[in-house]
Amino acid sequence: MTHRWGGRVLAVLALVGVLAGCVVSSGTSETGSVSLDAANVTSAGDSASASTSAGDVIAENTAPPPTCTYAGSDPFINLDLTFTNPLGEVSNVRLSYALLASGVRFGDGDEGFLFPGANEQFRVREGTIEELPAEVDEQTVTCEVIAVEEFSLPFERGPEVGTCVIQRDEASGSPRVELLATNPFAQTRDVAFFYALRAQDSVRFGFGEPMAHMLRGGEQVRFTEKVGDLPSWVDPAAVTCDVLGYYGR
């Protein structure tokens with residue numbers, strides 16, 4: 001099963017032409033990874049809830065275990081992921097999951113969480129690029145988190161390179177992102193800037209990475225982006241955003 005990885009980060013990697021094939025798992029855990037294979041896997045509900053959560057990620061970690069919930073197909077498979085980062089301030093954390101029907105795996109994939117803070121909380125909707133197989137009974141579909149790993153990327157953590165604020169459309173009241181950033185390099189470069197969207201209690205539910213082409217050294221750039229439809233659990237009045245880092249080539 002192929003899958004979408006890390007939201008729109010793939011577009012950045014395609015542009016810079018690096019890390020080709022780096023998102024394919026080798027089948028072994030990397031340094032800093034946390035394998036859930038040996039953990040106790042407990043169901044968060046019966047098959048009707050279509051949810052399975054992994055056991056403790058790290059023995060001394062008291063955060064809730066990560067969960068993956070099948071959220072239907074339209075026609076592509078949608079998953080709801082909740083996750084508290086146990087690995088500290090690394091460049092990227094990869095959460096791998098398996099999709100099962102009647103207990104038999106029929107697909108798997110992963111989602112990247114760029115520039116996570118220590119114990120930062122995430123709640124995201126992951127849309128895969130696969131349709132539910134015709135032979136699969138949707139009523140039996142569950143999702144299981146199988147690994148949480150550090151997966152390093154050549155991006156720089158740097159919130160100081162810009163500011164991010166949420167503006168409201170006067171007519172509809174819908175939120176939009178306004179990002180003001182500065183090229184941190186002395187040379188002219190294509191620069192991608194990464195920001196997080198947060199809901200109440202600073203839970204990260206979204207992510208963006210606008211790119212400026214041929215940005216001169218020290219030059220400022222402003223981006224305005226629509227937030228889009230908010231998840232039902234997000235309070236529109238609580239939405240905030242902040243700059244996470246950047247990448248230049």
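Preceding this section is the structure that the text describes.
From a predicted model like this one, the values you see are computed outputs, not experimental measurements. (Residues numbered from 1 in each chain as written. Predicted model: local features only at pLDDT ≥ 70, side-chain atom pairs only at ≥ 80, totals over all residues. Heavy atoms only, no water.)

Enquirer: How would you sum up the overall build of the protein? Please name residues and give values.
Expert: Check the secondary structure of the protein and you find 1 helix and 17 strands. Across the 249 residues in the protein, those meeting the buried criterion constitute 48%. For the protein, the share of sequence-separated contacts (at least 6 apart) that also reach a separation of at least 24 residues comes to 69%. Summing over all exposed atoms, the protein offers an accessible surface of approximately 11,900 Å²; the carbon and sulfur share of this is 49%. (Helix = DSSP H or I, 4+ residues; strand = E, 2+ residues; numbered from the N terminus. Buried < 20%, exposed > 50% of the residue type's maximum accessible area, 1.4 Å probe, protein only. Contact = heavy atoms within 4.5 Å. Areas by Shrake-Rupley, 256 points an atom, 1.4 Å probe, with all protein chains shown as cover.)

Enquirer: How would you explain the state of the cysteines if you had to name every residue and give the values?
Expert: The final tally for this structure, using the stated rule, is 2 disulfides. Disulfide pairing places Cys-68 opposite Cys-143 at an S-S distance of 1.8 Å. The chirality of the disulfide connecting Cys-68 with Cys-143 is right-handed, given an S-S dihedral of about 75°. In this pair, Cys-68 sits in strand β4 (residues 67–73) while Cys-143 sits in strand β9 (residues 141–150), placing the two residues 75 residues apart along the sequence. Of the two residues examined, Cys-68 and Cys-143, each falls in the buried class. Across the disulfide from Cys-164 sits Cys-241; the S-S distance is 2.1 Å. Taking the torsion about the sulfur-sulfur bond, which here is approximately -105°, the covalent link between Cys-164 and Cys-241 counts as left-handed. Note that Cys-164 is positioned in strand β11 (residues 162–168) and Cys-241 in strand β17 (residues 240–248), a separation of 77 residues in sequence. (Disulfide = S-S within 2.5 Å.)

Enquirer: Tell me about the environment of Arg-249, and please be specific about residues and values.
Expert: Along the chain, Arg-249 falls in the segment after β17. Note: C-alpha distance between Arg-249 and Gln-187 (62 residues apart in sequence) is 9.9 Å. A polar atom in the side chain of Arg-249 sits 3.0 Å from the side chain of Asp-190. (Polar contact = N/O pair within 3.5 Å; in protein donor to acceptor, adjacent residues only side chain to side chain.)

Enquirer: Describe in detail the sheet that holds strand β12 (residues 175–182), supporting the description with residues and values.
Expert: In space, the 3 strands of this open sheet follow the order β11-β12-β16, with antiparallel pairing throughout. Unpaired on one side and paired on the other, β11 and β16 (220–226) mark the two borders of the sheet. Across this sheet, the average inter-strand angle for adjacent strands is 20°, counted without regard to direction. Sheet analysis places β11 next to β12, joined by 7 bridges and oriented antiparallel. Following the sheet pairing, Gly-162 is matched in β12 by Ala-181. (Pairing = 2+ DSSP bridges. Axes fitted to C-alpha atoms, helices over the stretch in contact; angles between N-to-C directions.)

Enquirer: Give me the side chain of Glu-225: which residues, what numbers.
Expert: Along the chain, Glu-225 turns up in strand β16. Overall, the relative accessible area of 18% leaves Glu-225 in the buried class. Side chain to side chain, Glu-225 and Tyr-195 meet in a polar contact 2.4 Å long.

Enquirer: Describe the nonpolar core, and please don't skip the residues or the numbers.
Expert: One broad rule of soluble globular proteins: the nonpolar side chains tend to lie buried together. The biggest cluster of nonpolar side chains holds 23 residues, and the ones touching the most others in it are Cys-164, Ile-166, Val-177, Leu-179, Phe-193, Leu-197 and Val-221. Only β11, β12, β13 (189–198), β15 (211–215), β16 and β17 provide two or more residues apiece to this core. Looking at this core, the element that brings in the most residues is β13, giving 4 residues. Residues within four places of Val-221 in sequence aside, it is in contact with Leu-179, Leu-180, Ala-181, Phe-193, Ala-212 and Leu-215. Counting residues in hydrophobic clusters, the runner-up holds 22 residues, among them Cys-68, Tyr-70, Tyr-97 and Val-136. (Core = buried A, V, L, I, M, F, W, Y, C linked by side-chain atoms within 4.5 Å.)

These values are about where atoms sit, not about what they do.
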